[in-house]
Structures are given as structure tokens and as C-alpha cells.
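Breakdown of the fold
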Amino acid sequence: MNHPSPPQRVAVIGGGPAGLMAAETLAAGGVQVDVYDAMPSVGRKFLLAGKGGMNITHSEPLPNFRVRYRARETDVSRWLDGFDPQAVRDWIHGLGIETFVGTSGRVFPLEMKAAPLLRAWLHRLRESGVRFHQRHRWLGWQDGRLRIDTPEGEILVDAEATVLALGGASWARLGSDGAWVPLLQAHGVEVAPLVPSNCGFDVDWSAHLVEKHAGAPLTTVAIRWRDHDDVLQRRQGQFVITASGVEGSLVYAISAPLRDRIAQEGSAPIWLDLLPDLDAHRVLEEVTRPRGSRSLSSHLQGRLGIKGVKAALLHECLSKDDYNDPEELARALKALPVILKRPRPIDEAISSAGGVRFESLEHGSMLRTVPGVFVAGEMVDWEAPTGGYLLTACFGSGRAAGRDALAWLEKTTPRT
Ligand SMILES: Cc1cc2nc3c(=O)[nH]c(=O)nc-3n(C[C@H](O)[C@H](O)[C@H](O)COP(=O)(O)OP(=O)(O)OC[C@H]3O[C@@H](n4cnc5c(N)ncnc54)[C@H](O)[C@@H]3O)c2cc1C
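Residues numbered from 1 in each chain as written. Predicted model: local features only at pLDDT ≥ 70, side-chain atom pairs only at ≥ 80, totals over all residues. Heavy atoms only, no water.

Here we look at the overall build of the protein chain
The criterion, for reference: The helix count covers DSSP runs of H or I at least four residues long, the strand count covers runs of E at least two residues long, and both are numbered beginning at the N terminus. Note on classification: 1.4 Å probe, protein chains only; a residue is buried when its accessible area is under 20% of the maximum for its type, exposed when over 50%, partly exposed between these limits. Any two residues having at least one pair of non-hydrogen atoms within 4.5 Å are treated as being in contact. For the accessible areas, the method is Shrake-Rupley and the probe is 1.4 Å, while residue cover comes only from the protein chains on display. Here the positive residues are Lys and Arg and the negative ones are Asp and Glu; neither His nor the chain ends is included. By convention, the charge on Lys lies at NZ, on Arg at CZ, on Asp at CG and on Glu at CD.
Regarding its fold elements, the protein chain presents 16 helices and 22 strands. Projecting the C-alpha coordinates of the protein chain onto the three principal axes gives extents of approximately 105 × 40 × 40 Å. Looking at the protein chain residue by residue over its 416 residues, the buried ones come to 50%. Contacts in the protein chain between residues far apart in sequence, at least 24 positions, make up 70% of those at least 6 positions apart. Of the roughly 18700 Å² of accessible surface on the protein chain, a fraction of 51% belongs to carbon and sulfur atoms. Counting 47 positive and 49 negative side-chain charges, the protein chain places the centres of these two groups 4 Å from one another.

Overview of the pattern of salt bridges
Which entries qualify depends on this criterion: We define a salt bridge as a side-chain nitrogen of Lys or Arg found within 4 Å of a carboxyl oxygen belonging to Asp or Glu.
With the rule as written, the count across this model stands at 31 salt bridges. A salt bridge links aspartate 158 to arginine 145; its shortest N-O distance comes to 3.3 Å. Of this pair, aspartate 158 sits in the loop between strand E9 (153–157) and strand E10 (161–164) while arginine 145 sits in strand E8 (residues 145–150), placing them 13 residues apart in sequence. By relative accessible area, aspartate 158 is classed as partly exposed at 45%. By relative accessible area, which is 31% here, arginine 145 ends up partly exposed. Among the ionic pairs, arginine 259 bridges to glutamate 383, the shortest N-O distance being 2.7 Å. Placement of the pair is arginine 259 in helix H10 (residues 255–265) and glutamate 383 in the loop between strand E22 (373–375) and helix H16 (389–412), with a sequence separation of 124 residues. On the accessibility criterion, arginine 259 (8% relative accessible area) is buried.

Points about the site of the ligand
Applied cut-off: Nearness of a residue to a molecule or strand requires only that one of the residue's heavy atoms be within 4 Å of it. Nitrogen and oxygen atoms within 3.5 Å of one another constitute a polar contact, given that in protein one can donate a hydrogen and the other can accept it, and given that sequence-neighbouring residues count only through two side-chain atoms. Three classes are used, and their members are as follows: Ala, Val, Leu, Ile, Met, Phe, Trp, Tyr, Cys and Pro are nonpolar, Asp, Glu, Lys and Arg are charged, and the others, Gly among them, are polar.
Around the ligand lies a shell of 29 residues, among which Asp37, Asn55, Trp138, Glu378 and Leu391 are the nearest. At 3.0 Å from an oxygen atom of the ligand is found a main-chain nitrogen or oxygen belonging to alanine 18. Between the ligand and the protein, one listed contact pairs an oxygen atom with a backbone N or O atom of leucine 391 at 2.8 Å. Where the shell around the ligand is concerned, the elements lending two or more residues are helix H1 (17–28), helix H2 (44–49), strand E7 (137–142) and H16. Classifying every residue of the shell around the ligand gives 15 nonpolar, ten polar and four charged.

Let's talk about helix H15 (residues 326–334)
Restricting attention to buried positions, one finds in H15 the residues Leu329, Ala330, Ala332, Leu333 and Lys334. Of the residues flanking the start of H15, the one acting as N-cap is aspartate 325, its side-chain oxygen 3.0 Å from the backbone nitrogen of glutamate 327.

What about unusual backbone geometry?
For aspartate 143, which is not glycine, the phi torsion reads 50° and is therefore positive. The topology assignment puts aspartate 143 in the loop between E7 and E8. For tryptophan 171, which is not a glycine, the phi torsion comes out positive at approximately 50°. Within the element layout of this structure, tryptophan 171 appears in the loop between E10 and helix H7 (180–185). The class of tryptophan 171 is partly exposed, set by a relative accessible area of 24%.

Some words on the sheet that holds E7
Basically, it comes down to this: Two strands are counted as paired when DSSP detects at least two bridges linking them. Fitting a line to C-alpha atoms yields each axis, with helices limited to the stretch in contact; the angle taken between N-to-C directions then spans 0 to 180 degrees.
The antiparallel open sheet is built from three strands, whose spatial order is E7-E8-E9. Only two strands of the sheet have a single partner each, and these edge strands are E7 and E9. Going across the sheet, the axis of each strand differs from the next one's by a mean of 30°, ignoring polarity. Strand direction decides the pairing type here: E7 and E8, joined by five bridges, are antiparallel.

Quick word on the sheet that holds strand E3 (residues 57–58)
Pairing is antiparallel across the open sheet formed by three strands, whose spatial order is E3-E5-E4. The strands lining the two open edges of the sheet, one partner per strand, are E3 and strand E4 (99–101). Here E3 pairs with strand E5 (residues 106–109) via two bridges, running antiparallel. Bridged to threonine 57 within E5 is valine 107.

As for the nonpolar core
We apply this condition: Only buried residues count toward a nonpolar core. Its members are Ala, Val, Leu, Ile, Met, Phe, Trp, Tyr and Cys residues joined through side-chain atoms within 4.5 Å.
Of all hydrophobic cores here, the largest spans 79 residues; its most connected members are Ile56, Trp138, Leu164, Leu184, Trp382 and Phe395. Apart from the residues within four sequence positions on either side, tryptophan 138 is in contact with Ile13, Leu146, Arg147, Ile148, Leu164, Leu166, Trp180, Leu183 and Leu184. Grouped together as the second largest cluster of nonpolar side chains are 43 residues, Val221, Leu250, Val283 and Val338 included.

Some words on the state of the cysteines
Filter applied, for reference: Cysteine sulfur atoms are paired as a disulfide whenever they come within 2.5 Å of each other.
In total, this model carries zero disulfides according to the counting rule given. Left without a disulfide partner, cysteine 317 is nearest to the cysteine sulfur of cysteine 199, which lies 19 Å away.

A look at the side chain of arginine 399
Within the secondary structure, arginine 399 is located in helix H16. Setting aside residues no more than four positions away along its own chain, arginine 399 makes contact with Met21, Ala22, Glu24, Thr25, Gly82, Phe83 and Trp91.

Describing the environment of alanine 186
By the secondary structure assignment, alanine 186 is in the loop between H7 and strand E11 (191–197). With 46 residues separating them along the chain, alanine 186 and glycine 140 place their C-alpha atoms 9.5 Å apart.

Section: helix H4 (residues 73–82)
This is how it is decided: The arc in question is traced by the directions running from the helix axis to the C-beta atoms.
Residues Val76, Ser77, Trp79 and Leu80 constitute the buried set of H4. End-on, the buried residues of H4 take up no more than an arc of 160°, which puts them together on one face. Of the exposed residues in H4, those oriented more than 90 degrees away from the buried face are Thr74 and Asp81. Considering only its buried residues, H4 is in contact with helix H3 (62–66) and H16.

By themselves, these observations are geometric and do not establish any function.
So, in C-alpha cells, the structure goes:
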């Protein structure tokens, strides 16, 4: 009589959205899944992402969605083909969480929070037999076994396949600290340096501007910048002047080319359009309109609504002569140059770029130099703007890594 063989054991290291999705896929494939996470609980960054209104995916047409991954569009498309934005929404609905599409096309859980979703998901994973091991930090391999540091000391774990979903290197206190980079490099895995993505930037503001206006939001503003192809782009949105520079959704959205320009040239200029709803001609008309005995600043406030932080920025970034030259002043109101000096530290960024290079992978997501080990999520070398693109790719890559691991197990150790 044939006895059924015991289920194969797969270790998933990292319990963020990518690792949990890999675990779900693997469990559905009939293998025993053990999730190890260094932190006392899983999904900490996922929960944080839910604090400011969790943006889980985007409703735009798939071709538009794909291009958000820029140079990595083809690689990420493989993940999206297996789990596209609509599939993400259907999956969330399957957990009993409703979603809605915001005015910007972004998709949110109805309650805007991650906690109910994570709770339902973890419950379903446990029900399907996934075992969780918190405070278990992966340290590398010894004789082909996983070295795991636990509160009781180091253990060695046997797994027939492993999915690493260790995250990037932002917000290290939530678990993803990038400490895996040298561990994989030691095994011949090529890793692009982890750098901030969706980040703020340092500007050398004067002490006066910082004292009076740090924390001030710019709600009606546009930025011009040069993209990766050196083409001038313009985008309207909102951002905040901080003590160290600039941050906020508009800045994050354009941060990749700015970061790369700083790396190449030492700094990156942007040009602020302080009056995005008025054309240059109209602005010049208003600036040059006779103002009688009114001061220039009250003229600007009266005719164009320039006051507060916008007025301060003009003084900050324009020479006295230019401020008093109507043509220069009108030009600056539409294109005030600000020099970005450095991206803010990676730990503050929403996400990180860089990671395991796709060239280091085979069979989809398996490490070429460490057979049987698959990677998923933000630790892989892709980046995307905020807008749900990060989580959607993390889910898709987790699912792909799970499927790739199942296919590999089937090929290398077929079940009897
Ligand atoms: C403030 C903020 C807001 C965000 N908002 C959004 C949003 O609205 N929409 C969106 O799409 N994205 C958002 N993101 C990004 C999104 O949260 C991340 O891209 C996503 O969590 C990455 O998933 P991951 O599974 O790859 O990694 P992570 O979520 O970082 O998970 C990695 C896990 O691996 C564990 N780990 C690391 N090293 C080890 C080790 N050696 N041993 C064991 N375990 C280890 C960590 O403890 C962690 O639990 C936001 C991020 C931040 C910081």
C-alpha cells in the first residue's frame, strides 16, 4: 500500500504583504508553510501604510498602470499578469472588505484602514494551515539549512524551498532594515544599492524661512522638473516646506528622477509655479499693473493672492534686484528655481528602490545562485510611485514567487 508522503515544507521569511501572499499561494498548493518574521508581529509596514488612508491599488487601465514601473515594466508585468489590479480588488472583497475608488482613481478599502484587512487575512491563512513564527530572524544559511535567531537561541531549519520577502530599507523600525543585502551578496546574488524612493529632499533654506514657515503646506502649486530623458515636465499637486527641505505627495511622485539627477550631478533644480491657475501673460499683467503707493508685497497679495509661505519663498529664492524687476518677478512667480541638495535618508522614505536584480533570477523569481530560494516584494529591484502601485506589485510578486516555488518543487521533488 502507498502511504501519502508528508507535505513538503516551504519557509517564507518576512511577513509583509509580499510574504503573506506567497504563503497564501503556497498553502493553496498543498505544501506546509512556515512564516518567519523578525518582528513581534507581522505586517507592520502594511499597517502603517493603512494609517494615512491605505491606497491599495489603482483603477486606471492596465496599460497605464504598467508604465508606472518604468524601466521594470516588463518584469513587473509578469507579476501583474498573474494578479492584476482588478484581481487585487476581488481578493480584498473575498476577505469581506469593501473597496471604493477615490476621485483620483486610487482604490481604498472602505474603512481606509489596513488593520481589518490584515486581521481577516491572517485568520484565513492560519485556517489554511500556515504557521507563524514571530521574533524569528533569518541570518543566512549553514550547510543548506536556514539559520534562524529565536528568543531561545539560534536554530537551523530545513525547508525544501524558501521565499524571501524581506522588504526594502525604509522605516527600519517596522522590520525591513536591508540587513539581508550582504547575506545574499555573499552567495553571489547581485543587489542594486538600496536608495530612497518616494522621498523628500533637503534644501538649504535660510534660518528665517525655517523659523517662520517650516510645516507650511503649499496646496495650490505646480512643479517643473527634468525627467530621466532630460525633458521638462510639469505637475500640479501639494507639498510641504519642512525645516530641512520639501516633502509631500507632489514631491514623492517626482522623486525618482530628482534622486537620480542628484546622484549624477550633485543637486537637482525644480521650478515652482506659485500660480498654477494663471498663465504667464496674466501674471505679468497683474504684476505690472500700476500700484500707486501700495508696497509691492501688498500689491502681490491684493492682485494675485501671494502671501504667507509663497511670499516668503519669493524673498528666499530671488535676489532683491530680481524681486524688484517686474518681468523677473512675474517669471519667478511661474517658475521659481529651488535647488534640491540631497534626498532625505532612506529610513524616512515611503519605499526604497534597488534590491535583488532581475538578472540574478531564473525560473521567474528564483535566485540563480541559490536554487530553491525565491524572492518577492520590495526587496527586488523595481520601484513605483505611490498610488497603490507598491502594494499591487508586492502582492503580485508574492503570488508569483509562491507559484514559482510550487512549480520548482514539482519539478525537483515530484510527489508520489
Ligand atoms: C508610511 C508608509 C505609507 C505607505 N503607504 C502605501 C500605500 O498607501 N499604498 C501602497 O501601495 N504602498 C504604501 N506603502 C509601501 C508598502 O507598505 C510597502 O511597499 C510594502 O509593505 C512592502 O511589502 P514587502 O512585503 O515587500 O515588505 P515589508 O512590508 O517591508 O515586509 C518585510 C517583512 O520582512 C521582515 N524581515 C526583514 N528582515 C528579516 C529577517 N532577516 N528575518 C525575518 N524577517 C525579516 C520584516 O520584519 C517585515 O515584516 C507605504 C509605506 C510607508 C512606509
